[in-house]
Amino acid sequence: MKKLLATSAVALTALATSATAEDISACLITKTDTNPFFVKMREGATAKAEEMGITLNSYAGKIDGDHETQVAAIETCIANGAKGILLTASDTSSIVPAVQQARDAGLLVIALDTPLDPIDAADMTFATDNFLAGELIGQWAAAALGDDATNAKIGMLDLAVSQPTVGVLRDQGFLQGFGIDLGDPNKWGDETDPRIVGNDVTAGNEEGGRKAMENLLAKDPMINVVYTINEPAAAGAYEALKAIGRENDVLIVSVDGGCPGVANVKDGVIGATSQQYPLLMASKGIEAIAAWAKEGTKPQATAGKDFFDTGVALITDRPAPGVESIDSAKGAELCWG
C-alpha cells in the first residue's frame, strides 16, 4: 500500500495552453465540512495547492445531500475564473448540468471519491474502487461466518434515498462479495435474497446510523450482519445494538479507514473496514488542475478502469481465509482524521 501511495501518478494527454502558478485558482467542493473524510481531503488539497502556489477556495454543503449549495459553489467558481473544480457530489445525477456548465466554461472538473452519473460527466474521477471496497468486506463477512453465512440476517445501512453512486457501488460490492445475487447493479434495494432484512439510510453520520439500525432491528431483532456505508454510520449502528445487548454477537462491516474507524476495528466495534485514501485523491486532483492550466493536459484513467484508482485495503484483526487484509496496527499508520 505504501508503494501504491508513493508511486501513484496521473498519466496525462496533451492539448495546449499556458499559465503561471500565480494565475491558477482551483475549487474544492465537498459534501460537508465536518465528516473527517472530507476534512482530510481539504487538508490534502490545501497542502498541495500551497506547495504549488495555487489559490484554493473550498466550499461544502451544510449536510450530506445539500445539492443546492454545491450547485451555487460551482457557479461561484466559474464566475471567479477558477481553472478547475474538485467535487464530491451529494446528488451524482442532478449535479451534471452544473458540471457541464463549468466544463463548457473551460474548467477541468474532477470528481473525488464519488463518480458522477454518468461517470464521464466529469473530466476524470479520482477515487477508491468503491465496488471493490464493498466486495472485500462482503467476502470477509461471509468467510468469518463460514457455514452460517447461508442463514445470515443482514441489515443494510446505506447513504441516501437518492442513491449516489458511491453508496450503490459499496452496497452492491458488499452483496456480491457475500455471495448474494444482485438485481440491477446500478441501484440498491431490489435484491430478493431472503437473508436481507432490509435497507435504511443514514446520511453517513452516527445519529443516522443509530436510527437506521433501530428501524431494521424493529423488523428483525436477530440481525447478525450489518453493512454500513461508512464508519460514522457503523458507530451509530453499534450503539443501537448495544442498547439491546447485542453488540458482541453481530458482525459490523464498513468502508473508510479513518483513524476513529481503525480504532473501532481494534476495539471490536467494527469487524472489518475497507480503507481509502482521501488525501491522495485531493493532492492528485490539485496536480491535475495545475497541469490543465499550464499545459492543457487532462488526467487519464488507471489501466482497465474508467477512473483513476487511488487504492483500497481491508483492515481487520480477525483475518479470514482467502481474503487479503492488513491489521489495525498497519491501518493506523495509514489512517486519516
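Structure shown above.
Not measured: the values here are computed from a predicted model.

Caption draft 1: Summary view of the pattern of salt bridges. All chains considered together, the criterion is met by 16 salt bridges. The salt bridge partner of Lys 48 is Glu 51, with a shortest N-O separation of 3.3 Å. Of this pair, Lys 48 and Glu 51 both sit in helix H2 (residues 36-52), 3 residues apart, which is roughly one turn of the helix. Judged by relative accessible area, Lys 48 falls into the buried class, the value being 13%. Residue Glu 214 pairs with Arg 210 through a salt bridge whose shortest N-O separation is 2.6 Å. Taken as a pair, Glu 214 and Arg 210 lie in helix H7 (residues 206-219) at a separation of 4 residues, close to a single helical turn. Taking relative accessible area as the criterion, Arg 210 reaches 25% and is therefore assigned partly exposed. Among the charged side chains, a network of salt bridges with common partners joins Lys 48, Glu 51, Lys 284 and Glu 287.

Caption draft 2: Summary view of the layout of surface pockets. Empty space within the largest pocket amounts to approximately 420 Å³. In terms of lining, the largest pocket is formed by 18 residues, of which the most central are Pro 115, Thr 165, Val 168, Leu 169 and Asn 186. Mapped onto the lining of the largest pocket, the elements with two or more residues apiece are helix H5 (130-145) and helix H6 (165-178). Tallied by class, the residues present in the lining of the largest pocket amount to 10 nonpolar, 5 polar and 3 charged. Of the volumes computed, that of the second largest pocket is approximately 270 Å³. For the second largest pocket, the lining is made up of 17 residues, of which Asn 248, Val 250, Leu 251, Gly 268 and Arg 318 are closest to its centre. The residue inventory of the lining of the second largest pocket, partitioned by class, reads 8 nonpolar, 4 polar and 5 charged.

Caption draft 3: Structural detail: the packing of aromatic side chains. In this structure the tally under the stated criterion is 5 aromatic pairs. Both rings, one in Phe 126 and one in Phe 308, keep their centres 5.1 Å apart while their planes meet at 50°; by these two values the pair is tilted. Here Phe 308 lies in strand E13 (residues 308-309) and Phe 126 lies in strand E6 (residues 124-127), a separation of 182 residues in the sequence. According to the relative accessible area criterion, Phe 308 is buried, its value standing at 6%. Feature note: the residues Phe 37, Phe 38 and Trp 336 constitute an aromatic cluster, connected by ring pairs.

Caption draft 4: Geometry of the environment of Gly 173. As for its position among the elements, Gly 173 is in helix H6. Taking the C-alpha atoms as reference points, Gly 173 and Leu 136, 37 residues apart in sequence, are found 7.8 Å from one another. Those residues in contact with Gly 173, other than ones at most four positions away along the chain, are Phe 131, Gly 134 and Glu 135.

What counts and what doesn't
Residues numbered from 1 in each chain as written. Predicted model: local features only at pLDDT ≥ 70, side-chain atom pairs only at ≥ 80, totals over all residues. Heavy atoms only, no water. Salt bridge = Lys/Arg side-chain N within 4 Å of Asp/Glu carboxyl O. Helix = DSSP H or I, 4+ residues; strand = E, 2+ residues; numbered from the N terminus. Buried < 20%, exposed > 50% of the residue type's maximum accessible area, 1.4 Å probe, protein only. 1 Å grid on protein atoms, 1.4 Å probe; cavity = no way out; pocket = protein on both sides within 12 Å on 5 of 7 lines; lining within 4 Å. Points joined across faces, edges and corners; volume = space filled by probe spheres on them. Nonpolar A, V, L, I, M, F, W, Y, C, P; charged D, E, K, R; others polar. Phe/Tyr/Trp six-rings, centres within 6.5 Å; stacked < 30°, edge-to-face > 60°. Contact = heavy atoms within 4.5 Å.

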